[in-house]
Amino acid sequence: MAQQGVQLDHGQLCCSICLDLLKAPVTCIEGYWNQDDQRGRSSCQCRQTFIPRPVLKRTGLRWAEVVESLKKTGLQAAPPDHCYAGPGDVACDFCTGRRLKAVKTCLQCLVSYCDTHLQPHYQSPAFNRHQLVQASGELQENICSRHNEVRKLFCRTDQQCICSLCFMDEHKGHDTTSAAAERAERQKEVDRSQQNIQQRIQEREKDVKGLHQEVESIKHHADRAVEDSNTIFTELISSMERRRSEVRQLIRDQQERQVSRAEELRRRAEQEVTELRRRHAELEQLSLTEDHIRFLQRYTSSLSTTSESTHPVSSHVRPLRHFEDVTVAVSKMRDRLEDILTEEGTNVSEAVNRVDVSLRDSLLHDADHAEPKTRAEFLKYSRPITLDPNTAEEHLSLSKGNRKVTVRDKSQSLPDHPERFTYWQQVLSREALSGRWYSEVEWSGHCGIAVSHRIAVSHRRHGWGKFGSNDKSWSLVCTKRGYSFRHRNIKTPIPGRVSSRVGVYMDHSAGTLSFYGVSDDTMTVLHTVHATFTHNLHVGFRLPLFSKSTAELLCELN
């Protein structure tokens, strides 16, 4: 043990001629002279020349014995640089000077050892009960800051690791157990969580496979629908060329939307698989932690991230509705006359829009896309919109940057426009809405707050476009006496306290439309609709004549 403080450089015991350890220096030098002898001249390692060659003798120091002795003690050479502790490494607490990397930490000694200084723990029976774990630089976490003793117990009452003195003091009478026993119990929960994650991984992998097949199927059937449509349209008269282009574009647009949607679902499923694998790896690493204290301290944060669950999903993708209806609709057009082209063209458009992959929307509504609950959460989806003057009926006057509408008793002289309402006192928003959207409306008098497909008002000149009278518009009618909801011309009374401010929330992809009564930060659900939105939507207002009513889209919400 006296030699443990000695540090010898490997080069100090190497021959500068052969670069090997100095086992027989005389033999090595004579061999060198025999190779390099020129006319009796000889030189030594210090490059001095001797004529004639001197006779070499061994000194009293037996180099071979020294080298062999050093080999046995392991001190014949200094450790390579990578064996020394660097930034981020745990250093041996026993080494002096430049310290070696620690390979183990003793939880009883609270000391980290390199491989050399660890040997007594393996060789002496006195250390048999000591617990060795992977080298750790966080030993202070195992020490009670109050009593300076090792924490070996776990208080279930206070959910913290404690030492024996804590057990006798402030945790007296609490439900306590050993750290090892508590770890064993919680390891079971970790194992169950790992199994759950593995199951979810398998489900998501099935989703990814199904979505990939769905994308290919969409492309295949869309291409086939385009080919069928082209074949039929070539048989039609020249007046139908324009309609063929429109149908082809409708198909392509729907294909793009559906493919984009399926690709997005697949991407999110793949991301979740990656995230679940990462969480699984974290739990695997936690399970391999030998230090009970570190396990328990990291247990809560590790398990909390894995306990988050997305909405349960099916492992299968529901059947796909393809583009066959388009071919049928176009075939009908071939047999019809010119005077019904407009009507049948609308049927074709609707057939294209009915193409629905019917993919699980729950993939879009996982834990990270939950339904808003508070007004602050709804406001995250607010964005300013304005009313379109070209759609306003002549008794409606717009103000405040086209955000407020007021009904007038007398009509105004407005330029004719194909988008303008001529029968009902209604107006539509300029912006089309998709995705998630929220806004608030301040109203007075008698007001219909509507959300509508643009196609629902295409026949408004004939009076068919009243909000809530068809299957493509939804209207909340607000009066001082109360609320009512209209859809397909069916009126549904809504009980409850009337508020002058109404919130409108839409999730286009989920097919959700909700109306809320807003008072300060309190939101009361008035009515919720679940539908399939095949177009972008517009906000609209209907203000009856002689009602002295107003409606304003609020742009600054707080």
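You'll find the structure just up there.
Bear in mind that the values here come from a model prediction, so they are computed numbers and not experimental data. (Residues numbered from 1 in each chain as written. Predicted model: local features only at pLDDT ≥ 70, side-chain atom pairs only at ≥ 80, totals over all residues. Heavy atoms only, no water.)

**Section: the overall build of the protein**
Within the protein one finds 10 helices and 21 strands. Per-residue burial for the protein yields a buried fraction of 41% across its 558 residues. Restricting to contacts in the protein with at least 6 residues of sequence separation, those with at least 24 account for 63%. (Helix = DSSP H or I, 4+ residues; strand = E, 2+ residues; numbered from the N terminus. Buried < 20%, exposed > 50% of the residue type's maximum accessible area, 1.4 Å probe, protein only. Contact = heavy atoms within 4.5 Å.)

**A closer look at the pairing of strand β19 (residues 522-530)**
Looking at chain direction, strand β18 (residues 512-519) and β19 are connected through eight bridges and run antiparallel. By the bridge assignment for β19, Y516 is matched with V525. Joining the antiparallel neighbours β18 and β19 is a turn of two residues, in which D520 adopts a positive phi near 55 degrees. (Pairing = 2+ DSSP bridges.)

**A closer look at the side chain of Q187**
Structurally, Q187 is set in helix α5 (residues 179-233). Once residues lying within four places of it in the same chain are set aside, the contact partners of Q187 are S287 and F295.

**Remarks on the sheet that holds strand β9 (residues 396-399)**
Taken in spatial order, the seven strands make up an open sheet running β9-β10-β21-β12-β17-β18-β19, and their pairing is antiparallel. Lying at the two open borders of the sheet, with one neighbouring strand each, are β9 and β19. Put simply, the sheet's adjacent strands are angled 20 degrees from each other on average, direction ignored. Pairing analysis gives three bridges linking strand β10 (residues 404-407) to strand β21 (residues 550-553), with the strands arranged antiparallel. (Axes fitted to C-alpha atoms, helices over the stretch in contact; angles between N-to-C directions.)

**Examining the environment of I251**
For I251, the location among the structural elements is in helix α6 (residues 241-287). The class for I251 is buried, based on a relative accessible area of 0%. For the pair I251 and V326, spaced 75 residues apart in sequence, the C-alpha separation works out to 8.5 Å.

**What to know about the sheet that holds strand β16 (residues 490-494)**
The strand order across the open sheet built from six strands is β11-β20-β13-β14-β15-β16, with neighbouring strands paired in antiparallel fashion. Lying at the two open borders of the sheet, with one neighbouring strand each, are β11 (426-428) and β16. Going from strand to strand, the sheet's axes swing by 20 degrees on average, the running direction of each strand aside. As paired elements, β11 and strand β20 (residues 537-542) share three bridges and run antiparallel to each other.

**Thoughts on the pattern of salt bridges**
Counted according to the given criterion, the structure contains 23 salt bridges. Residues K101 and D89 are paired through a salt bridge, measuring 4.0 Å at the closest nitrogen-oxygen approach. Note that K101 is positioned in the loop between α2 (63-73) and β3 (104-106) and D89 in the loop between α2 and β3, a separation of 12 residues in sequence. Residue class for D89 comes out partly exposed when judged on its relative accessible area of 36%. A salt bridge links R501 to E440; its shortest N-O distance comes to 3.2 Å. Here R501 is found in strand β17 (residues 501-507), whereas its partner E440 is found in strand β12 (residues 436-444), with 61 residues between them in sequence. Residue classification places E440 among the buried residues on the basis of a relative accessible area of 0%. Through salt bridges with shared partners, a single network forms among E275, R278, R279 and E282. (Salt bridge = Lys/Arg side-chain N within 4 Å of Asp/Glu carboxyl O.)

**Some points on the environment of N390**
Inspection of the secondary structure assignment puts N390 in the loop between α10 (375-379) and β9. Classification of N390 as partly exposed rests on a relative accessible area of 32%. For the pair N390 and V427, spaced 37 residues apart in the sequence, the C-alpha separation amounts to 8.5 Å.

**Some words on the packing of aromatic side chains**
Counted under the stated rule, the structure contains nine aromatic pairs. With a centroid separation of 5.3 Å and an interplanar angle of 40 degrees, the aromatic rings of F378 and Y438 are classed as tilted. Note that F378 is positioned in helix α10 and Y438 in strand β12, a separation of 60 residues in sequence. Each member of the pair F378 and Y438 is classed as buried. Taken together, F378, Y381, Y438, Y505 and Y516 form an aromatic cluster joined through their ring pairs. For the cation-ring pair, R98 lies above Y84, with the distance from its terminal atom to the ring centre recorded as 3.9 Å. Of note, R183 hangs over the ring of F295, and the distance from its end group to the ring centre comes to 4.1 Å. (Phe/Tyr/Trp six-rings, centres within 6.5 Å; stacked < 30°, edge-to-face > 60°. Lys NZ or Arg CZ within 6 Å of the ring centre and 35° of its normal.)

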